[in-house]
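The chain contents come next:
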Amino acid sequence: MLILGIETSCDETAAAVVRDGREILSNVVVSQIDIFAEYGGVIPEVAARSHLEVVLPVIDKALTDAACSWDDIDAIAVTHAPGLLGSLLIGTLTARTLAVIHNKPLYAVHHLKSHVYANWLCGGDEQNDSNVPQFPLLALVVSGGHTQILYMPQHNRFEIIGTTHDDAVGECFDKVAKILGLPYPGGPSITKAALAGDQNRYKLPHPKVDGLDFSFSGLKTAVLRAVQKEVRVEISYPSHKLQDLLTPQQVADFAASFQKTAVDILCEKMRAALAEYPDVQSVAVAGGVSANTILREKMKDISSVPVCFPLASLSGDNGAMVAAACYYEIMSGVKPTDPYTLNIYPRIPIA
Ligand code: AMP
Ligand code: MG
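Residues numbered from 1 in each chain as written. Chains lettered and ligands numbered in written order. Predicted model: local features only at pLDDT ≥ 70, side-chain atom pairs only at ≥ 80, totals over all residues. Heavy atoms only, no water.

> What's the story with the overall build of the chain in this structure? I'm lost.
The secondary structure content of the chain amounts to ten helices and ten strands. Relative to a compact globule of 351 residues, whose C-alpha radius of gyration would be 20 Å, the chain shows 20 Å and is just as compact. With the C-alpha coordinates aligned to their principal axes, the bounding extent of the chain is approximately 65 × 45 × 35 Å. Classification of the 351 residues of the chain by burial places 54% in the buried group. Within the chain, counting contacts between residues at least 6 apart in sequence, those at least 24 apart form 73% of the total. Accessible surface, the chain: about 15,100 Å² in total, of which carbon and sulfur atoms supply 53%. (Helix = DSSP H or I, 4+ residues; strand = E, 2+ residues; numbered from the N terminus. Rg over C-alpha atoms; globule rule 2.2 N^0.38 Å. Buried < 20%, exposed > 50% of the residue type's maximum accessible area, 1.4 Å probe, protein only. Contact = heavy atoms within 4.5 Å. Areas by Shrake-Rupley, 256 points an atom, 1.4 Å probe, with all protein chains shown as cover.)

> How should I be thinking about the site of ligand 1 in this particular structure?
Every one of the 17 residues lining ligand 1 counts as a neighbour, but G144, D174, G187, G288 and N292 are closest to it. One of the backbone nitrogen or oxygen atoms of G144 is found 2.8 Å away from an oxygen atom of ligand 1. Protein chains shield 84% of the accessible area of ligand 1, which is 500 Å² for the free molecule. At the level of elements, α5 (169–180) and α6 (186–194) are the ones that each hand at least two residues to the shell around ligand 1. Per-element tally for the shell around ligand 1: the top contributor is α6, with four residues. Tallied by class, the residues present in the shell around ligand 1 amount to five nonpolar, ten polar and two charged. (Near = heavy atom within 4 Å. Polar contact = N/O pair within 3.5 Å; in protein donor to acceptor, adjacent residues only side chain to side chain. Nonpolar A, V, L, I, M, F, W, Y, C, P; charged D, E, K, R; others polar.)

> Can you help me understand the nonpolar core in this one?
For soluble globular proteins, the rule of thumb is that nonpolar side chains tend to be buried together. Of all hydrophobic cores here, the largest spans 55 residues; its most connected members are L138, L140, I149, L180, F258, V285 and M299. Of all the secondary-structure elements, those providing two or more residues to this core are β6 (137–142), β7 (147–152), α5, α6, α7 (217–230), α8 (248–276), β9 (282–286) and α9 (293–299). In terms of residue count, α8 provides more of this core than any other element does, 13 residues in total. If we skip the residues at most four places from it in the chain, M299 touches L140, C267, M270, V283, V285, V307 and F309. Formed by 34 residues, the second largest nonpolar core is a distinct cluster that contains L150, F158, A284 and L314. (Core = buried A, V, L, I, M, F, W, Y, C linked by side-chain atoms within 4.5 Å.)

> When you look at the sheet that holds β7 in this model, what are you seeing that I'm missing?
Neighbouring strands of a sheet are bound in pairs by backbone hydrogen bonds; such pairs are parallel or else antiparallel. Read from one edge of the open sheet, five strands run β8-β7-β6-β9-β10, paired in mixed fashion. Two strands in the sheet have a free side with no partner beyond their single neighbour: β8 (159–163) and β10 (307–308). Note: β7 against β8, four bridges, orientation antiparallel. Residue L150 lies in a different strand from β8, and its bridge partner there is I160. This element, α8, spans β6, β7, β8 and β9 of the sheet and lies at about 160° to β6. (Pairing = 2+ DSSP bridges. Axes fitted to C-alpha atoms, helices over the stretch in contact; angles between N-to-C directions.)

> Just checking my understanding: could you explain the pattern of salt bridges for this structure?
Opposite charge on two side chains permits them to pair, given that their charged atoms come into close proximity. Within this structure, the stated rule accounts for ten salt bridges. For E230, the salt bridge goes to R201, with nearest N and O atoms at 3.0 Å. One end of the pair, E230, is in helix α7; the other, R201, is in the loop between α6 and α7, with 29 residues separating them in the sequence. R201 gets classed as partly exposed once you look at its relative accessible area, which sits at 38%. (Salt bridge = Lys/Arg side-chain N within 4 Å of Asp/Glu carboxyl O.)

> I tried to follow helix α3 (residues 85–102) on my own but got confused; where do I start?
Helical periodicity: at 3.6 residues per turn, an α-helix aligns residues three or four positions apart in one direction. With 18 residues, α3 should cover 26 Å at 1.5 Å per step; its first-to-last C-alpha distance of 26 Å lies within 8% of that length. Among the residues making up α3, those that are buried are S87, L88, I90, G91, T92, T94, A95, R96, L98 and A99. Looking one or two residues past α3, N103 carries a phi angle of roughly 55°, positive in sign. (Expected span 1.5 Å × (residues − 1).)

> In this structure, what is going on with α6? I would like to understand it.
Burial analysis of α6 places seven of its nine residues in the buried class, which makes it a mostly covered element. Here α6 has its buried residues at G186, G187, S189, I190, T191, A193 and A194. The inward-facing, buried residues of α6 contact α5, α8 and α9.

> I'm lost on the environment of L295 in this one. Help?
Mapped onto the fold, L295 is located in helix α9. Taking the C-alpha atoms as reference points, L295 and D20, 275 residues apart in sequence, are found 30 Å from one another. Those residues in contact with L295 that lie beyond four places of it in its chain are V142, V263, L266, V285, V289, S290 and F309.

> Help me understand the pairing of strand β4 (residues 75–81) in this model?
Each regular strand displays side chains that alternate between the two surfaces of the sheet. The element β4 is largely enclosed, with a buried count of seven among its seven residues. Between the parallel elements β4 and strand β5 (residues 106–110), the chain passes through α3 in a crossover that is right-handed. (Right-handed = clockwise from strand over helix to strand, strands pointing away.)

> Can you walk me through the packing of aromatic side chains in this structure?
For any pair of aromatic rings, geometry is given as the distance between the ring centres together with the angle between the planes. Tallied over the full model, the rule gives nine aromatic pairs. Aromatic pair Y117 and W120: ring centres 4.7 Å apart, planes at 40°, arrangement tilted. For the pair formed by Y117 and W120, the shared burial category is buried. With 6.1 Å between their ring centres and 55° between their planes, W120 and Y328 make a pair best called tilted. Linking W120 in the loop between α4 (111–117) and β6 with Y328 in helix α10 (residues 319–331), this pair joins segments that are 208 residues apart in sequence. Overall, W120 belongs to the buried group, its relative accessible area being 2%. Among the aromatic residues, those joined into a ring-pair cluster are Y117, W120, F135, Y327 and Y328. (Phe/Tyr/Trp six-rings, centres within 6.5 Å; stacked < 30°, edge-to-face > 60°.)

Just geometry here; none of it tells us what the structure is for.
See below:
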């Protein structure tokens with residue numbers, strides 16, 4: 001079964017053709033990172049306009065790269081939730097129109113589900129079953145907008161067992177990078193800066209949050225206070241001017257200390273989750289932050305069950321993961337949606 005996946009929930013316009021939920025025939029991603037690097041974050045209206053300009057060429061390229069015509073496509077999958085309202089509208093309106101014109105079944109897919117299903121996609125010669133997550137599993141979804149632990153007893157069944165009370169961990173990476181004067185997006189810049197840093201130089205607190213929930217806004221504030229203390233200014237000093245007072249070594253040490261703390265917090269909660277759910281057979285990490293190399297290293301040590309990660313190139317937003325999630329929805333008996341009434345839900349949870 002060939003599925004065309006379309007993704008426009010935030011600042012990537014993406015389309016891909018995937019066979020049977022695993023084999024990527026094409027995967028086209030046009031990122032708006034260069035536009036938003038200048039502003040230090042995503043501007044929703046600009047993102048929507050940018051999607052509008054490139055969405056059709058991106059879909060055309062996905063079909064061309066896969067050497068497919070519309071006749072070969074069995075279904076269209078599109079992200080309808082959660083995300084930026086204008087961005088979701090461009091993707092869904094495009095998918096709805098194409099589904100009607102080409103008479104294809106249309107499936108609306110939840111974005112976090114897609115991130116989890118990036119773990120089922122194979123890359124290059126990795127097309128065997130040995131690295132596919134086994135059920136029941138725990139998924140750690142770590143992205144710019146979400147930080148959740150999900151219990152997944154089988155395909156297409158999700159139970160939220162832990163979630164953040166405030167900021168997402170990716171958002172925290174982005175905000176800390178801003179304090180340190182590192183470019184957007186913060187995750188990769190912090191990892192790069194941390195290479196030259198001492199992760200034990202600054203002691204940052206772990207938030208006290210009950211159960212399997214998270215809180216990351218306190219960690220961001222702790223970095224802010226530690227920077228203010230280090231450069232000896234009052235807490236009322238404008239945060240955007242702090243970067244001018246930091247030496248490159250201090251920036252590297254703050255980046256390394258913050259990254260270590262954020263990763264340790266995620267690993268601690270996953271250890272607790274594994275203790276609470278002793279039946280799990282594997283862990284699947286997903287979302288933009290799953291590209292983090294330190295997280296990848298440390299998560300491998302947290303349990304005896306296999307810990308899976310998507311290929312680093314598939315950890316950010318892409319259309320292939322939407323197509324993969326859709327395939328397993330279809331296999332679980334989900335029926336297509338009506339292209340005339342498909343709606344978007346900017347804030348709806350996965351379960
Ligand atoms: P997503 O929301 O899934 O598109 O992922 C975007 C988020 O992932 C942003 O907040 C990025 O800062 C974060 N991110 C991307 N790469 C990394 C990385 N290597 N380490 C930590 N965070 C990252
Ligand atoms: Mg995402």
